[in-house]
Amino acid sequence: TTMLTEATSPTDHWGSVDKLIKHWLKERQELIVLYCKVDGLKEFTPQDTPIAVKVQALCQVLIDYVSAGHFEIYHKLVKEAELCNHDCQDLISRIMPKIQDSTELALAFNDRYASIELCEKSIPLLAKDLNKLGMVMVERFDLEDQLIDRLHNRLRDRVA
């Protein structure tokens, strides 16, 4: 994760948040790639389950991504909106509870598959769990994109 110094002007702030968002969206791409790799393997259950290693990689990026959203991105977006006197309370109160639900699901997925031992025990549930995780994360990405669009991209025009 990137350390950001408190920016002095809305323009500087926008630029630093923009960098942070771009980095975060790269992590989202990595998450999607790992998800697809695991999803493509879920039908196979060889004895020495190498899928467990891939599932662990997925868990790691999933938790990093979800955490960055909660502890960095959303906070910066709201702060940015406040800097520009943009009232976003409606949007936040509509979107954040749904994002919170997907966070809980991601954490539960991680709890079930975070280690090789856990993963091997839970392999029979993997297809169903992946399916659910995939659907919830797609919805989350859409909600996050709405936040970025409404709170960040819209401000670009004001600070430009």
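## Comments concerning the packing of aromatic side chains
Applying the stated rule across the entire model yields four aromatic pairs. The interplanar angle of 85° and the centroid separation of 5.7 Å between the aromatic rings of Y65 and F141 together place this pair among those described as edge-to-face. Note that Y65 is positioned in helix α2 (residues 51-83) and F141 in helix α4 (residues 116-159), a separation of 76 residues in sequence. A relative accessible area of 0% places Y65 in the buried class. Members of the aromatic cluster, each reached through a chain of ring pairs, are W24, Y65, Y74 and F141.

## What to know about the nonpolar core
In this structure, V55, F109, L126 and L147 are the most contacted members of the largest nonpolar core, which totals 43 residues. Secondary-structure elements contributing two or more residues to this core are α1 (10-41), α2, α3 (89-113) and α4. The residues contacting F109, other than those within four sequence positions of it, are V55, L58, C59, L62, L126, D129, L130 and L133.

## Brief notes about the packing of α2 against α3
For the pair α2 and α3, the least separation of the axes is 10 Å and the interaxial angle reads 155°. Overall, the two elements α2 and α3 adopt an arrangement that is roughly antiparallel. Where α2 crosses over α3, the two elements pack in a sense that is left-handed. Contacts between α2 and α3 involve V55, Q56, L58, C59, L62, I63, V66, H70, Y74 and V78 from the former and I92, M96, I99, Q100, T103, A106, L107, F109, N110 and Y113 from the latter.

## Digging into a positive patch on the surface
On the surface, R94, K98, R150 and R154 cluster together into a positively charged patch. Within the residue set of the positive patch, elements represented by two or more residues are α3 and α4. Tracing the backbone through its elements, the reader meets R150 in helix α4.

## Details of α3
The end-to-end C-alpha distance of α3, which contains 25 residues, comes to 36 Å, matching closely the 36 Å that a straight helix rising 1.5 Å per residue would cover. Of all the bends found along α3, the most pronounced is centred on I95 and spans about 25°, while P97, a proline, follows it within four residues. Those residues of α3 not exposed but buried are L91, I92, I95, M96, I99, S102, T103, A106, F109, N110 and Y113.

## Topic: the state of the cysteines
Scanning the model with the defined rule gives zero disulfides in all. No disulfide involves C59; its nearest neighbouring cysteine sulfur is the one of C119, lying 7.2 Å away.

## Topic: a negative patch on the surface
A contiguous patch of negative charge on the surface is contributed by D101, E104, E139 and D142. Put simply, the parts of the chain that give the negative patch at least two residues each are α3 and α4. Its place among the elements puts E139 in helix α4. What makes E139 partly exposed here is its relative accessible area of 47%.

## Looking at the environment of Q89
Mapped onto the secondary structure, Q89 falls in helix α3. Residue class for Q89 comes out partly exposed when judged on its relative accessible area of 46%. Taking the C-alpha atoms as reference points, Q89 and V78, 11 residues apart in sequence, are found 8.9 Å from one another.

Thresholds applied
- Residues numbered from 1 in each chain as written.
- Predicted model: local features only at pLDDT ≥ 70, side-chain atom pairs only at ≥ 80, totals over all residues.
- Heavy atoms only, no water.
- Phe/Tyr/Trp six-rings, centres within 6.5 Å; stacked < 30°, edge-to-face > 60°.
- Helix = DSSP H or I, 4+ residues; strand = E, 2+ residues; numbered from the N terminus.
- Buried < 20%, exposed > 50% of the residue type's maximum accessible area, 1.4 Å probe, protein only.
- Core = buried A, V, L, I, M, F, W, Y, C linked by side-chain atoms within 4.5 Å.
- Contact = heavy atoms within 4.5 Å.
- Axes fitted to C-alpha atoms, helices over the stretch in contact; angles between N-to-C directions.
- Parallel < 35°, antiparallel > 145°, perpendicular 65-115°, else oblique.
- Left-handed = near helix turned anticlockwise from the far one by under 90°.
- Patch = residues over 30% accessible without salt bridge, like charges linked within 9 Å, V, L, I, M, F, W, Y side chains within 5 Å.
- Areas by Shrake-Rupley, 256 points an atom, 1.4 Å probe, with all protein chains shown as cover.
- Salt bridge = Lys/Arg side-chain N within 4 Å of Asp/Glu carboxyl O.
- Lys, Arg positive; Asp, Glu negative; His and termini not counted.
- Charge placed at Lys NZ, Arg CZ, Asp CG, Glu CD.
- Expected span 1.5 Å × (residues − 1).
- Bend = angle between axes of the 7 residues up to and from the residue.
- Disulfide = S-S within 2.5 Å.

That is the geometry; function is a separate question.
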